[in-house]
Amino acid sequence: MIKYSLKLLRRNLLTNIFIALQIAVTLLMIILSVSSVMSKIEDYLPLRKVLSSEGICLFSSGSYIDDLSHYYSCNDIINISDNIEEIYSTETTDFLMIPNTENEDEAHPGFVVYNKNMYDLYKPQMQEGKWLSDIKGDKNYISAVVSYSSKYNVGDTIEVYDYIDESYYPLKIVGKTAQKAKFITNSSINEFAKDFRDLYGNIEGNMIFIRHDDIELTPISVSPQGIIFIKYKDGLSDEEADAIKGELFKMGGFLNLSDELNKKSIEYLSEDIMLILPICICVFIISLICTVASSAIAAKSHMKTFLITYICGARWKSNSLIILINSVITSAAGVFTAAVGYAILSATDIAAYFCIEFTKYEFLFCLPVLLLNIILPIILPLWIISKQTPKELITEE
């Protein structure tokens, strides 16, 4: 069966090459279209969980509250009300340094401390190693991810010195972010963020990301700094929400999540995506037409095979298996050609300019096209056969 399928491939070599190239072009067009859309919404998707919920986005700056004698912590935020379900916190510490380092920037890196909710919420692009959510804690050291410009590499262990308790703590590098990676912060030039884009900033300079889980095992002092998402429990009344806001106002500025940030984010996405949506729709229509056309060409070339094998006594089931093997091989050749084309584009500035990536979303859109290219060449001959008798088909051929 396989031997005859290969013979059939060689017999219709030019047709199969054309179909393979058509599949490759179609897949690349789909990848380009989906990547264009995903580039607009990829930063919104991780934040959708919190932005669409009832709650508050607190822009904290580590300030004092009350009589300036209390430096508030995330526990103070949680204890404001029983109606706070959970928080996604960003903290920092000004009391850690890397000793025996002459360079001031290297001696005093920017420490970003995320609680579990926050480091699970968003994963920056990684150059190597793992992000904080992908590792298991170890009580023997503090796990850390360093920025791309850091001189430290994955696997290095360094010591940090705490000014307060005058102690040294081992810090193990488990990952390094990519060159143009982002992290969650307030990057808006205004006082408060306008939409989800202003909740990201570029990871620049000497930065170290660590987990609050590890810090809790030490006396190291941390304080809120940056963005904190505060999620309310369901069924919160307006009076209860106002009471929480009154307490949070002492700790910094804030915006309602679902009322302001999420609404403005959706408005931006709607306007931006509508600009490229017509192009994407045209690409998918062209892809569908090309898929059906190539399948019709393949079906036409396979009809002779069906009829010859039918005359020789073969069953339709056997013929279908031969065509299936033929279609799988042709589609595999198209995928290989598309992969080569994608690799060439990725090695140039074209991929970065058009935001071309191959992720699970591109895969999910490419998969139906591949299945159609495999299934249609089998279904179409059977459909034609069901409409005419073998004698009529032989007469036509």
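Attention here is on the structure that accompanies the text. Please read these numbers as outputs of a predicted model, since none were measured by experiment. (Residues numbered from 1 in each chain as written. Predicted model: local features only at pLDDT ≥ 70, side-chain atom pairs only at ≥ 80, totals over all residues. Heavy atoms only, no water.)

Counting its regular elements, the protein contains 13 helices and 17 strands. A total of 397 residues make up the protein; the buried ones form 45% of that total. A fraction of 78% describes how many contacts in the protein between residues 6 or more apart in sequence connect residues 24 or more apart. Accessible area of the protein: about 21,200 Å², with a carbon and sulfur share of 58%. (Helix = DSSP H or I, 4+ residues; strand = E, 2+ residues; numbered from the N terminus. Buried < 20%, exposed > 50% of the residue type's maximum accessible area, 1.4 Å probe, protein only. Contact = heavy atoms within 4.5 Å. Areas by Shrake-Rupley, 256 points an atom, 1.4 Å probe, with all protein chains shown as cover.)

Taken together, the buried positions of helix α3 (residues 44-51) are Tyr44, Leu47, Val50 and Leu51. The arc that holds every buried residue of α3, seen down its axis, measures 115 degrees, which confines them to one face. (Arc of directions from axis to C-beta.)

On the surface, a cluster of negative charge is made up of Glu54, Glu85, Asp234 and Asp259. The residue Asp259 is located in helix α9 (residues 257-311) in this model. The exposure class of Asp259 is partly exposed, given its relative accessible area of 48%. (Patch = residues over 30% accessible without salt bridge, like charges linked within 9 Å, V, L, I, M, F, W, Y side chains within 5 Å. Salt bridge = Lys/Arg side-chain N within 4 Å of Asp/Glu carboxyl O. Lys, Arg positive; Asp, Glu negative; His and termini not counted. Charge placed at Lys NZ, Arg CZ, Asp CG, Glu CD.)

Before going further, it helps to spend a moment on unusual backbone geometry. What is expected of a backbone is that most residues other than glycine have negative phi and most peptide bonds are trans. At Glu166, a position not held by glycine, the phi torsion is positive, near 50 degrees. Locating Glu166 in the fold gives a position in the loop between β10 (157-162) and β11 (167-177).

Moving on, we come to the pattern of salt bridges. Evaluated as defined, the whole model comprises seven salt bridges. The closest approach of N and O atoms between Arg211 and Asp214, which form a salt bridge, is 3.6 Å. Accessibility classification places Arg211 together with Asp214 in one group, the buried group.

A surface patch of nonpolar side chains, amounting to about 800 Å² of accessible area, comprises Phe284, Phe358, Phe363, Leu364, Phe365, Leu367, Leu371, Ile375 and Ile379. Counting residues per element, the nonpolar patch draws most heavily on helix α12 (residues 360-387), at seven residues. The residue Leu367 is located in helix α12 in this model.

Right, let's talk about helix α8 (residues 238-248) for a bit. Looking only at α8, the buried set comprises Ala241, Ile244 and Leu248. An end-on view of α8 places all buried positions within 60 degrees of arc, on one side of the element.

A word on the packing of aromatic side chains. In total, this model carries eleven aromatic pairs according to the counting rule given. When the centroid spacing of 5.0 Å and the interplanar angle of 70 degrees are considered together, the rings of Tyr122 and Tyr200 count as edge-to-face. Within this pair, whereas Tyr122 is found in the loop between α6 (116-121) and β8 (126-129), its partner Tyr200 is found in strand β13 (residues 200-202), the two being separated by 78 residues in sequence. Summarising the burial analysis for this pair, Tyr122 and Tyr200 share the class buried. Relative to Phe358, the ring of Tyr342 has its centre 6.4 Å away and its plane inclined at 65 degrees; by these criteria the two rings are edge-to-face. With Tyr342 in helix α10 (residues 316-346) and Phe358 in the loop between α11 (349-353) and α12, this pair connects stretches of sequence that are 16 residues apart. With relative accessibility at 23%, the residue Tyr342 sits in the partly exposed group. The partly exposed category is assigned to Phe358, whose relative accessible area is 42%. By the ring-pair criterion, three or more aromatic residues cluster together here, those being Tyr114, Trp131, Phe183 and Phe209. (Phe/Tyr/Trp six-rings, centres within 6.5 Å; stacked < 30°, edge-to-face > 60°.)

Attention shifts here to the pairing of β10. The sheet contact formed by strand β6 (residues 96-97) and β10 spans two bridges and is antiparallel. If you follow Leu96 over to β10, its bridge partner there is Asp162. Bridge analysis of β10 against β11 gives six bridges, and the strand direction is antiparallel. The residue of β11 that forms the bridge with Glu159 is Pro170. With antiparallel pairing between neighbouring strands as the criterion, β10 and β11 make up a hairpin whose turn holds four residues, including Glu166 at a positive phi of roughly 50 degrees. (Pairing = 2+ DSSP bridges.)

Before going further, it helps to examine the pairing of strand β16 (residues 226-232). Counting buried residues along β16, seven of its seven residues qualify, which places the element largely inside the surrounding structure. In terms of strand pairing, strand β1 (residues 55-60) meets β16 through six bridges, oriented antiparallel. Within β16, the position partnered with Leu58 by the bridge is Ile228. As paired strands, strand β4 (residues 84-88) and β16 are joined by four bridges and run antiparallel to one another. Bridge pairing in β16 places Tyr88 opposite Phe229.

Membership of the largest hydrophobic core comes to 48 residues, with the highest contact counts inside it found for Leu47, Leu51, Tyr114, Ile184, Phe209 and Phe229. Looking at this core, the element that brings in the most residues is helix α2 (residues 13-41), giving nine residues. Not counting residues up to four positions away in its chain, the partners in contact with Phe209 are Val112, Tyr114, Trp131, Leu132, Ser143, Ala144, Val145, Phe183 and Ile203. By size, the runner-up hydrophobic cluster in this structure holds 18 residues, among which are Val113, Ala144, Ile208 and Ile215. (Core = buried A, V, L, I, M, F, W, Y, C linked by side-chain atoms within 4.5 Å.)

Note that Ser89 resides in the loop between β4 and β5 (90-92). Of the residues examined, Ser89 reaches a relative accessible area of 2% and is grouped as buried. When neighbours within four sequence positions are excluded, Ser89 is seen to be in contact with Cys74, Val113, Tyr114, Asn115, Met118, Ile227 and Ile228.

Shape descriptors only; they carry no functional weight alone.
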